[in-house]
Amino acid sequence: MTVLLDIHNVSKAFDQLAALDNVSLQIHTNEFFAILGPSGSGKTTLLRALAGFESLDSGQIVLDGQDVADVPPNERPVNLMFQSYALFPHMTVFDNVAYGLRREKRPQGEIAERVTSLLATVGLGDMATRRTHQLSGGQKQRVALARAIVKRPKILLLDEPLSALDRKVREDMQLELKRLQHEVGITFVVVTHDQEEAMSMADRIAVMDQGRVEQVATPVELYKNPGNPFVANFIGTSTLLRGHLSSGRLHLTNGVKVPCSLPSEDGAEIWLMLRPEDISQTPAGAITGTVISTNFYGPNCLVVAECGLEIPVKYLVGNSEVPRVGDATKISWAGDTGVVVRAS
Amino acid sequence: MTGVGKLGWVLAAVCFFLYAPIAIVIVMSFNASKIPFQWTGFSTKWYSELFANASVLEGLRNSLIVGVSTMILSVVLGVLLAIGITRHSTSSAVQALALAPAIIPDLALAIGLLALFSAISFPLGLTTVILSHTIFCMAFVAAIARGRILQIDPALEEAALDLGDTPRGVFFRVTVPSLMPAIIAGALLAFTLSFDEFVITFFTNGPSTPTLPIVIYSMVRFGVTPEINALASLVLLFSVAIVLISQRSVKLSQSI
Amino acid sequence: MGYVIAFMVLPVAIIATYSFFQRGQYGGIVYSLTLDNFARALDSLYVGILGTSVALSSTVTLLALLIGFPTALAITKLQPQHQNIALVLVILPFWTNFLIRTYAWIVLLSSEGLLNQGLLGLGIISDPLALLYTPGAVVMGLLYAYLPLMVLPIYAALSRIDPSLREAAIDLGASRFTALRQVVFPLAIPGTLVGCVFVFVPSVGNFIVPELLGGGKTVMVGNLIRDQFLKARDWPFGSVLAIAMVVMLVLLFALQARITKRVLGQG
């Protein structure tokens, strides 16, 4: 794997508020990379810095061996698909897509050919003469996508690409984006706040919070081995119990002891992360509690129960065992399940 | 909705109040009689006399010169002003100041400009009228353009830049076209305002170049004549036509 | 940007400066500092004229409010596509020539004018009424000229009020009228104030209507300023009057902004 984009110790502050705090990331050629984080985490600032719309306070952005920090946006071999799509309302679909090629002063014939074939690829072959306001949300998104990849940039940046779409269209577009990325062979960098979107599309994900990169890993790795409590909490559903380990048990700060035989040095403060599927509801369960809510998903049901463990416990049951709110419940988990997470 | 009944009458009455006086002037303009208020038959002779009236024609010529020049100047300056105050200034004081000529009384602006021109000994004439009209028309154009700029997705310009266009190219290929509805509306508005403007013209014009409103003013002061009725009808019709065209073009271009 | 500000600030500055100088013997300006102009402006004659102007303009504003508010409310009750047509209908006369609109009222009100002719013809009166050249005619002319400026901002304010606010009030037990009074009216106050300022400001400074419909008998500040500049050629004194007018209007704007802020809790 070759490194295409090397983001090195990048910092940026707005009014002394750090939007990017010493961010370092490496993105590989032909990778589908996602930057995931809550709003205000700095992910959009990072994307705009990559496109050239934000200057850096310090650090380098090296693209294909070249430091692009001082290259203006119109000269960077990077294109951005805007969250609002930013389609030019006074132009047709064809003219929108041809815009970038015309600025490169390509011959007419080549422009027509490339635009037409790309429109066909994104499924808009018969829409070339339409005005953008006549398109549906999904169609607008495809135009925006075509317009951003027609110049064959080294990296395509996508700012919350699916956030404006309905749920159904969004699922179709997720697959479509993956397919297209394979087809055109361009490195994609997606910014999103939607972990499901990032998990289902990306090869690797950088989780950001408060201007810092918390963890960079594959989706499976993020889910199975979160590097710190923030990532554990942010990715997927979990119950995070805080305490210290001593002789095969986790001592919570309120004095309650729960099973945990995972290897860790005694006495240090840790979080035990339990995924809902790690916990089972069983009559033999040693931990008792009261059901406070149930979320039915179809095949199974997420139960939230108050068990005196400082925070409510979340676990899954089959669709035939759904308890009612207020019911007493007994749960247990094996001592070697879950993951020990330390503050980074 | 149930509220329409009674309020509907209010609306009808207000429209009657607004249009009846104008309608009467137009009807009177076709009166054959020279005595203003006695209807003696339909005639268009006052219109033909109007077109033979040298001072009216000269006023019309001057008004058109002033109107078109004002329109061009105020659109260019007004749009630039609007971009300047919305994009490059966060100070609300600057914004308020730039739009002030649209709000301060025309009389205050008029004497202020008269004082300014006389302080720098600039001879009064059509040039001073055009400059003065531009000052206040520009504020209206800027107000309209500002509204449009705030509507436009700021990502449009960034998108063009991202696709490799130069800042200059972005301005002419993206910024100006997306402001077009405001530019057309502003241009027509500036022309109408300038064409009908009286107070500022009255103070900043020289004696040898009367505009149409000045001509009308001097005619009206001598009382009601069928000729004024005809002139008034034409001017009314002209303004109404321009306003309707601008309404239409704004609607058309907004659908783009 | 600099040019623009120069062109706007300079005139005001020059006028402000003039107001401290003396009038030359044959017009023009003698550049020696004095406060006489301000003292003269306090003369009862001029204060009286200012009072007349304010009284007439206030009457006009009040009438415009009483007519304009129901009109704006009526427009908001129409279907959306009809609302636009109604708005154009109301605003259209405003874009036509001011002199001509004033002239139309001469046609209506003069002693041999249509109104008198009609009343005479119907036998309601035996002698023509003196309608033209009265303060009433001035009020009528100004009202006619500036009524659209009242309707427009009120309409804008009313149409911006979320209909569900009124429905929420009714849902919580308010009657239709109570909902109007307690929810719609307060929220329309800022737009209504803008309308009042838009009518009051050009009314105070107007000199055409008092001249053409008031026949010179009803003198307003506008006429006075015009005469100081173009007839008496006493620019310093005219400047003082203009400054007085502008200061009064600025105070009015400030008052309007203040009330708006208090009503909405923010600017």
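A brief report on the enclosed structure follows.

Reading the values: the criteria
- The numbering scheme is per chain: residues are counted from 1 as the chain's sequence reads.
- Chains and ligands are labelled sequentially in the order written, the chains with letters from A and the ligands with numbers from 1.
- Thresholds applied to this predicted model are a pLDDT of at least 70 for local features of residues and 80 or more for the giving and counting of side-chain atom pairs; totals over whole chains, interfaces and linings are not thresholded and use all residues.
- Heavy atoms throughout the structure, all of them, feed into the side-chain values; hydrogens and water do not.
- Put simply, two rings from Phe, Tyr or Trp (the six-membered ring, in Trp's case) pair if the centres are within 6.5 Å, and we call them stacked under 30 degrees between planes, edge-to-face over 60, tilted for the rest.
- Counting from the N terminus, the helices are DSSP H or I runs at least four residues long and the strands are E runs at least two residues long.
- A 1.4 Å probe rolled over the protein chains alone gives each residue an accessible area, and that area as a share of the maximum for its type sets the label: buried under 20%, exposed over 50%, partly exposed in between.
- By definition, being over a ring means that NZ of Lys or CZ of Arg is both within 6 Å of the ring centre and within 35 degrees of the ring normal.
- The contact criterion used is simple: two residues touch if any of their non-hydrogen atoms lie within 4.5 Å.
- All axes here are fitted lines through C-alpha atoms, helices being fitted over the stretch that makes contact, and every angle between N-to-C directions spans 0 to 180 degrees.
- An angle below 35 degrees is read as roughly parallel, one above 145 as roughly antiparallel, one from 65 to 115 as roughly perpendicular, and any other as oblique.
- By definition, turning the near helix anticlockwise from the far helix through less than a right angle yields a left-handed crossing, and turning it clockwise yields a right-handed one.
- Each reported salt bridge corresponds to a side-chain nitrogen of Lys or Arg within 4 Å of a carboxyl oxygen of Asp or Glu.
- The nonpolar class holds Ala, Val, Leu, Ile, Met, Phe, Trp, Tyr, Cys and Pro. Asp, Glu, Lys and Arg form the charged class, and all remaining residues, Gly among them, are polar.
- Accessible area that two parts lose when put together, evaluated with a 1.4 Å probe and summed over both, is termed the buried area.
- Two strands are counted as paired when DSSP detects at least two bridges linking them.
- The nonpolar core is taken to be a set of buried Ala, Val, Leu, Ile, Met, Phe, Trp, Tyr and Cys residues, with the residues joined through side-chain atoms within 4.5 Å.
- One less than the number of residues in a helix, times 1.5 Å, gives the span that helix is expected to have.
- In this analysis the local bend is the angle between axes fitted, respectively, to the seven residues ending at and the seven residues starting at the residue.

**A few points about the packing of aromatic side chains**
At step 1: Per the stated rule, a full pass over the model turns up 26 aromatic pairs over all chains.
At step 2: For the pair Phe203 of chain B and Phe207 of chain C, a centre-to-centre distance of 6.2 Å together with 85 degrees between the ring planes defines the contact as edge-to-face. One end of the pair, Phe203 of chain B, is in helix H10 (residues 199-204); the other, Phe207 of chain C, is in the loop between helix H9 (176-205) and helix H10 (208-212), on a second chain.
At step 3: Plain terms: the ring middles of Trp105 of chain C and Tyr144 of chain C are 5.4 Å apart, the flat faces sit at 65 degrees to each other, and that makes the pair edge-to-face. Of the two residues, Trp105 of chain C is situated in helix H5 (residues 98-109) and Tyr144 of chain C in helix H7 (residues 135-160); the sequence distance between them amounts to 39 residues. The exposure classification of Trp105 of chain C matches that of Tyr144 of chain C, with both residues buried.
At step 4: The rings of Phe198, Phe202, Phe203 and Tyr217 of chain B together with Phe207 of chain C are connected pair by pair, giving a single aromatic cluster.
At step 5: We note Arg103 of chain A situated over the ring of Tyr99 of chain A; from NZ or CZ to the ring centre the distance is 4.6 Å.
At step 6: In this structure, Arg275 of chain A packs its charged tip against the face of Tyr223 of chain A, placed 3.9 Å from the ring centre.

**Some words on the environment of Val129 of chain B**
Residue and element names in this part refer to chain B.
At step 1: Looking at the element boundaries, Val129 is found in helix H6 (residues 126-151).
At step 2: Separated by 52 residues in the primary sequence, Val129 and Pro181 have C-alpha atoms spaced 27 Å apart.
At step 3: The contacts of Val129, once residues within four sequence positions are left out, are Val66, Thr201, Thr204 and Asn205.

**A word on the packing of helix H7 (residues 155-162) of chain B against helix H8 (residues 167-178) of chain B**
Residue and element names in this part refer to chain B.
At step 1: H8 packs onto H7 with a crossing angle of 130 degrees between their chain directions and a minimal axis gap of 9 Å. Comparing the axis directions of H7 and H8 gives the class oblique. Our pair here, H7 against H8, has a crossing hand that is right-handed. Across from Leu156, Glu157, Ala160 and Leu161 in H7, the residues of H8 making contact are Pro167, Val170, Val174 and Thr175.

**Description of the interface of chain B and chain C**
Reports of interface size often rely on the accessible area that becomes lost once the parts have come together.
At step 1: Across the contact, 61 residues belong to chain B and 62 residues belong to chain C.
At step 2: Taken together, the links from chain B to chain C amount to 1 salt bridge.
At step 3: Among the ionic pairs, Arg221 of chain B bridges to Glu211 of chain C, the shortest N-O distance being 3.2 Å.
At step 4: Broken down by element, the residue count for the side of chain B that touches chain C peaks at 13 residues, all from helix H1 (residues 4-28) of chain B.
At step 5: Partitioned by chemical class, the residues of the side of chain B that touches chain C number 51 nonpolar, 8 polar and 2 charged.

**Things to note about unusual backbone geometry**
All names here are of chain A.
At step 1: Of note, Gln16 is a non-glycine position whose phi angle comes to about 65 degrees, a positive value.
At step 2: Inspection of the secondary structure assignment puts Gln16 in the loop between strand E1 (3-14) and strand E2 (17-28).
At step 3: What makes Gln16 exposed here is its relative accessible area of 81%.
At step 4: With a phi angle near 65 degrees, Asn30 is a residue other than glycine that sits in the positive phi range.
At step 5: Note that Asn30 resides in the loop between E2 and strand E3 (32-36).

**Re the interface of chain B and chain A**
At step 1: Listed per partner, the contact involves 21 residues of chain B and 23 residues of chain A.
At step 2: Together, the buried faces of chain B and chain A total about 1,900 Å²; carbon and sulfur atoms form 60% of this surface.
At step 3: If you look at where chain B meets chain A, you find 1 salt bridge.
At step 4: Only H7 and H8 of chain B provide two or more residues apiece to the side of chain B that touches chain A.

**Concerning the pairing of strand E8 (residues 187-192) of chain A**
Residues and elements named next belong to chain A.
At step 1: The element E8 is extensively covered by neighbouring structure, given that 6 of its 6 residues are classed as buried.
At step 2: Examined bridge by bridge, E3 and E8 share 5 bridges and lie parallel to one another. Note that in E8 the partner of Ala34 across the bridge is Val190.
At step 3: Sheet analysis places strand E7 (residues 155-159) next to E8, joined by 5 bridges and oriented parallel. Paired with Leu157 across the two strands is Val189, which belongs to E8.

**Considerations on the nonpolar core**
At step 1: In terms of nonpolar packing, the biggest core is built from 171 residues, with Phe88 and Leu157 of chain A, Phe203 of chain B together with Leu158 and Ile225 of chain C touching the most fellow members.
At step 2: No other element matches H7 of chain C, which puts 15 residues into this core.
At step 3: Every residue in contact with Leu157 of chain A, bar those within four places of it in the chain, is listed here: Leu47, Leu50, Ala51, Val78, Asn79, Leu80, Met81 and Val189 of chain A.
At step 4: Counting 47 residues, the second largest nonpolar core, distinct from the first, contains Leu87, Ala146, Leu156 and Ala198 of chain A.

**Remarks on H7 of chain C**
Given 3.6 residues to a turn, an α-helix orients residues that are three or four positions apart in the same direction.
Residues and elements named next belong to chain C.
At step 1: The first and last C-alpha atoms of H7 sit 37 Å apart over 26 residues, in line with the 38 Å expected at 1.5 Å per residue.
At step 2: The largest bend in H7 is about 45 degrees, located at Tyr146, with the proline Pro148 one to four residues further on.
At step 3: In terms of burial, H7 is a largely internal element, 19 of the 26 residues being buried.

**So, the sheet that holds E7 of chain A**
Strand-to-strand pairing in sheets goes through backbone hydrogen bonds, with the strands running parallel or antiparallel.
All names here are of chain A.
At step 1: Read from one edge to the other, the open sheet built from 6 strands follows the order E6-E7-E8-E3-E9-E10, with strand pairing classed as mixed. The open sheet is flanked by strand E6 (78-81) and strand E10 (212-217), the only strands paired with a single partner. Going from strand to strand, the sheet's axes swing by 20 degrees on average, the running direction of each strand aside.
At step 2: In this sheet, E10 lies alongside strand E9 (residues 204-209) in antiparallel orientation, the contact comprising 5 bridges.

**Some points on the sheet that holds strand E16 (residues 287-296) of chain A**
Residues and elements named next belong to chain A.
At step 1: One open sheet accounts for 5 strands, arranged E15-E19-E16-E17-E18; its pairing is antiparallel. The strands lining the two open edges of the sheet, one partner per strand, are strand E15 (280-281) and strand E18 (313-318).
At step 2: Direction of pairing for E16 relative to strand E17 (residues 300-306): antiparallel, over a ladder of 6 bridges. Looking at E17, one finds that Val291 is bridged to Ala305.

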